[in-house]
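# Secondary and tertiary structure notes
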Amino acid sequence: MRAVDQQAGPYGEFEAFVAGAAGRLLHVAVLLTGEPESARRLLADALARTYANWRRLRADDPYDFTRHELCAAFARTGWRHHGGSGVLARLSPPERLVVVLRLYEGLAEEVTAAQLGMPVERVRVLCNRAVSLLRSREAA
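First, a word on scope: everything that follows refers to the structure included in this document. Owing to the predicted nature of the structure, the values given are computational and were not obtained by experimental measurement. Each chain has its residues counted from 1, running along the sequence as written. Whole-chain, interface and lining totals are the exception, using all residues; otherwise, since this is a predicted model, local features are given only for residues with pLDDT of at least 70 and side-chain atom pairs are given and counted only at 80 or more. Side-chain numbers here rest on the full set of heavy atoms in the structure, without hydrogens or water.

### Some details on the packing of aromatic side chains
Two rings belonging to Phe, Tyr or Trp (six-membered ring only in the last case) form a pair when the distance between their centres is within 6.5 Å. Interplanar angles under 30 degrees mark stacking, angles over 60 mark edge-to-face geometry, and anything in between is tilted. Inspection of every chain in the model, using the stated rule, returns five aromatic pairs. Between the aromatic rings of Tyr11 and Tyr51, the centroid separation amounts to 4.9 Å while the plane-to-plane angle is 45°, which identifies the pairing as tilted. Taken together, the residues Tyr11 in helix α1 (residues 10-33) and Tyr51 in helix α2 (residues 36-52) connect sequence positions 40 residues apart. Residue class for Tyr51 comes out partly exposed when judged on its relative accessible area of 39%. Ring geometry for Phe17 against Trp54: centres 5.7 Å apart, planes inclined by 35°, an arrangement best described as tilted. One end of the pair, Phe17, is in helix α1; the other, Trp54, is in the loop between α2 and α3 (62-77), and 37 residues separate them in sequence. Note on Phe17: relative accessible area 11%, which makes it buried. Strands are runs of DSSP state E lasting at least two residues, helices are runs of H or I lasting at least four, and both sets are numbered from the N terminus onward. When a residue's accessible area, from a 1.4 Å probe over protein chains only, is under 20% of the maximum for its type it is buried; when over 50% it is exposed; and in between it is partly exposed.

Below is the structure:
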């Protein structure tokens, strides 16, 4: 990978963003899908949409935009990823989304609800149910 310099312009900024954020975003994708290959495809699609909108994102946070795209893609295709491996494998796709956003990413309930397009109370219920399920699996 070539060094990013000031002459590279906005797309050099995109390369710098990917270099800094791709690892964490990939971890989010793996937590959601439970499958590394599916996670890489999901992330590649989200980064492609971020790249396509890069000039418009100059005033926004590209990490938030990319995470939103990643979660939206997972929400549309979550049924394909039901199961998989990992600690979140037994959770439904909506429960995975809420747990990853609330507990791994540390988003507030209101922000999570807005990002997923659901009421705050629904986020609270999904999170509580998922945490209870995960705790019951630990005790078993």
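Next comes the rest of the description.
### Quick notes on the environment of Arg49
Assignment of secondary structure puts Arg49 in helix α2. Put simply, Arg49 and Phe65 are 16 residues apart on the chain and 9.2 Å apart in space, counted from C-alpha to C-alpha. If we ignore the near neighbours within four places in the chain, the residues touching Arg49 are Phe65, Glu69, Ala73 and Arg76. Polar contact is defined as a pair of N or O atoms within 3.5 Å, subject to the rule that within protein one atom must be able to donate a hydrogen and the other to accept it, and that residues adjacent in sequence are counted only when both atoms are side-chain atoms. In this structure the side chain of Arg49 is engaged in a polar contact, spanning 2.5 Å, whose partner is the side chain of Glu69. Throughout, a contact is declared for two residues whenever any of their heavy atoms are within 4.5 Å.

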